[in-house]
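Each chain, written out:
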Amino acid sequence: TGAGAGAGAGAQFNQDNRANNNQRYLSKKEKAYITLGLDSSSTIEQVKKQYRKLVFKYHPDHIADYESFSPSQKQELNAQFLAIVQAYEIILKDQA
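Procedures and definitions
Residues numbered from 1 in each chain as written. Predicted model: local features only at pLDDT ≥ 70, side-chain atom pairs only at ≥ 80, totals over all residues. Heavy atoms only, no water. Helix = DSSP H or I, 4+ residues; strand = E, 2+ residues; numbered from the N terminus. Buried < 20%, exposed > 50% of the residue type's maximum accessible area, 1.4 Å probe, protein only. Core = buried A, V, L, I, M, F, W, Y, C linked by side-chain atoms within 4.5 Å. Contact = heavy atoms within 4.5 Å. Salt bridge = Lys/Arg side-chain N within 4 Å of Asp/Glu carboxyl O.

The next point concerns the environment of Lys-57. Examined against the element boundaries, Lys-57 turns out to sit in helix α3 (residues 44-58). Look at Lys-57 and you get exposed, because its relative accessible area is 53%. Separated by 24 residues in the primary sequence, Lys-57 and Phe-81 place their C-alpha atoms 8.8 Å from one another.

Here it is as structure tokens:
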């Protein structure tokens, strides 16, 4: 069974690498929409609504047991939060 588990992990790794390689060719704006979970044809109102939803979800002040998280979990959540903020700023800047 050990070989099967290794093969599954390798397949997942290869799939993740292909996704990362495909994203290298996307513009910052396209990556920003992906970060927010939106299509690039989304309206600015949809972008703002999704941004508010994600900021509420990932902001440390809104996570009940945030203080009990490990440092690596906190770092991961903070990175996700910052990515959301940066994505929103990229989209808004492009709209101006």
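Here we come to the nonpolar core. Ranked by size, the top nonpolar core spans 18 residues in total, and within it Leu-36, Val-47, Tyr-51, Tyr-58, Ile-84 and Ile-91 carry the most contacts. For this core, the elements supplying multiple residues, two or more each, are α2 (28-35), α3 and α4 (71-95). For this core, the element with the most residues is α4, which contributes seven residues. Excluding its chain neighbours within four sequence positions, the residues that come into contact with Ile-91 are Ala-32, Tyr-33, Leu-36, Ile-44 and Val-47.

Before going further, it helps to spend a moment on the pattern of salt bridges. Applying the stated criterion across every chain yields a total of two salt bridges. The salt bridge partner of Asp-94 is Lys-29, with a shortest N-O separation of 2.6 Å. Taken together, the residues span a long stretch of sequence, with Asp-94 in helix α4 and Lys-29 in helix α2 at a distance of 65 residues. A relative accessible area of 42% means that Asp-94 is categorised as partly exposed. Looking at Lys-29, the relative accessible area reads 30%, which means it is partly exposed.

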